[in-house]
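What follows is the residue order along each chain.
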Amino acid sequence: MTPRPLATRRLILQGAASVALLGLGNLPFAPARAAANDKYPEQAFKLKNEADAIKALYGRTAEPSDKVKLDAPEIAENGGVVPISVTTTLDKVTSISFFVAENPNALAASYRIPDGTIPGVANRLKMAKTTNVTAIVEADGKLYSATKEVKVTVGGCGG
Amino acid sequence: MASSIRVRATSNGDITEVQTLIQHPMDTGLVKDAKGELIPAHFIQQLTFECNGKDVFVADWGTAVSKDPYVKFSFKGARKGDDLKISWTDNKGGSDTITAKIA
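Residues numbered from 1 in each chain as written. Chains lettered and ligands numbered in written order. Predicted model: local features only at pLDDT ≥ 70, side-chain atom pairs only at ≥ 80, totals over all residues. Heavy atoms only, no water.

Asks: Run through the environment of B:Glu50, naming residues and quoting values.
Replies: Residues and elements named next belong to chain B. Following the sequence through the fold, glutamate 50 ends up in strand β3 (residues 44-51). With relative accessibility at 29%, the residue glutamate 50 sits in the partly exposed group. The spacing of glutamate 50 and arginine 6 is 44 residues in sequence and 15 Å in space, taken between C-alpha atoms. Dropping the residues within four chain positions of it, glutamate 50 is found in contact with Asp55, Val56, Asp83, Leu84 and Lys85. (Helix = DSSP H or I, 4+ residues; strand = E, 2+ residues; numbered from the N terminus. Buried < 20%, exposed > 50% of the residue type's maximum accessible area, 1.4 Å probe, protein only. Contact = heavy atoms within 4.5 Å.)

Next up, the structure:
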């Protein structure tokens, strides 16, 4: 009855190997992986500048693309509630993020788009004053963006 | 207590459209109250939509998302009658969950 202990041994070895693999997967890689992670990107939300926030979230820069369609009002009477939406014809979209350049913290929202989810989202954001709004779509490992200016007549930060 | 989450998930053949409205102050931590004291930041950080054991949409939010947040998206692969589980957590450790049926 030798096969039995052997099989057990193999199982244990396999187990050890997969644990090792899992361990590797959890290593804190470069920030480029942040968006693919399940963790809340706390650091990116704290940054003031838009370029810094994009870098912290994705670890690279975006190129403008007409395949990203950003829908935002030209004039927002109430900066506290500005409806913003984005759709795209790009394939293999994994995430969509919104940045409001003139806000105290540029990153407003970031959405993960798993396989099978339509790459598009509508939400409402706050804007401190007249500002550029940028939507970034991560597709097939690359970043594409669209930017639009929203004129805000009453800021969305109380005060 | 009534749930903080209101959701409408409607199936249109292969595609399910989800609209969600959540009651939450989404305080930025930059606004003062009537007495001139800062209202501490209090906002939803993560909102997850799960259907048939799989995340179909995950939102990471900062303070720039409007009070009583609204979000709309669509996904494939669900049918009428399937359960859609929605949960959020905020920066103060608050949370809420609701399970809605796709209509």
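Asks: Describe the environment of A:Ala135, and please don't skip the residues or the numbers.
Replies: All names here are of chain A. Along the polypeptide, alanine 135 turns up in strand β8 (residues 131-139). Accessibility expressed as a relative area gives 0% for alanine 135, which makes it buried. Separated by 30 residues in sequence, alanine 135 and asparagine 105 place their C-alpha atoms 15 Å apart. The contact partners of alanine 135, leaving out residues within four places of it in the chain, are Val68, Leu70, Val86, Ser97, Phe98, Tyr144, Ser145 and Ala146.

Asks: Go over the interface of chain B and chain A, please, and point to the residues and values.
Replies: Between chain B and chain A, the residue contacts involve 31 residues of the former and 31 residues of the latter. Interface of chain B and chain A: buried area, both sides summed, is about 2,300 Å²; carbon and sulfur atoms make up 53% of it. The three residues of chain B that bury the most area against chain A are B:Asp60, B:Ala64 and B:Ser66, which together make up 25% of that side's buried surface. Across the contact surface, chain B and chain A share one salt bridge. Two residues, B:Asp60 and A:Arg112, come together in a salt bridge whose shortest N-O distance is 2.6 Å. If you look at where chain B meets chain A, you find 17 residue pairs in polar contact (both at pLDDT 80 or more). Every element with two or more residues in the side of chain B that touches chain A is listed here: β2 (15-22), β3, β4 (54-61) and β5 (70-76) of chain B. Along the lines of polarity and charge, the residues of the side of chain B that touches chain A split into 17 nonpolar, seven polar and seven charged. Note that strand β6 (residues 107-112) of chain A and β4(B) share four bridges and pair antiparallel. Looking at the pairing, A:Ala109 lines up with B:Trp61 of β4(B). (Buried area = accessible area lost by both parts, 1.4 Å probe. Salt bridge = Lys/Arg side-chain N within 4 Å of Asp/Glu carboxyl O. Polar contact = N/O pair within 3.5 Å; in protein donor to acceptor, adjacent residues only side chain to side chain. Nonpolar A, V, L, I, M, F, W, Y, C, P; charged D, E, K, R; others polar. Pairing = 2+ DSSP bridges.)

Asks: An account of the side chain of A:Ser145 is requested, with residue identities and associated values reported.
Replies: Its place among the elements puts A:Ser145 in strand β9 (residues 142-152). Every residue in contact with A:Ser145, bar those within four places of it in the chain, is listed here: A:Ala62, A:Glu63, A:Pro64, A:Ser65, A:Val68, A:Thr134, A:Ala135 and A:Ile136.

Asks: Describe helix α3 (residues 50-58) of chain A, listing the residues and the values that go with them.
Replies: Residues and elements named next belong to chain A. Inspection of α3 places Glu50, Ala53, Ile54, Leu57 and Tyr58 among the buried residues, and these make up the whole buried set. Looking down the long axis of α3, one finds its buried residues gathered within 105 degrees of arc, a one-sided arrangement. Those residues of α3 that are buried lie in contact with α2 (42-46), β5 (93-100), β6, β8 and β9. Where α3 begins, one side-chain oxygen reaches toward the backbone nitrogen of alanine 51, 2.8 Å away; that side chain belongs to asparagine 49. Looking at the residues trailing α3, positive phi occurs at glycine 59, about 75 degrees. (Arc of directions from axis to C-beta.)

Asks: Mind laying out the packing of aromatic side chains, listing which residues take part and the relevant values?
Replies: Throughout the structure, instances matching the rule amount to seven aromatic pairs over all chains. Their ring planes at 25 degrees and their centres at 5.3 Å tell us that A:Tyr111 and B:Phe57 sit as a pair that is stacked. Taken as a pair, A:Tyr111 in strand β6 and B:Phe57 in strand β4 lie in two separate chains rather than in one. For the pair A:Tyr111 and B:Phe57, one class covers both residues: buried. Ring centres of B:Phe57 and B:Phe73 lie 4.0 Å apart, and the angle between their planes is 5 degrees; on these two criteria the pair is classed as stacked. Of this pair, B:Phe57 sits in strand β4 while B:Phe73 is found in strand β5, placing the two residues 16 residues apart along the sequence. (Phe/Tyr/Trp six-rings, centres within 6.5 Å; stacked < 30°, edge-to-face > 60°.)

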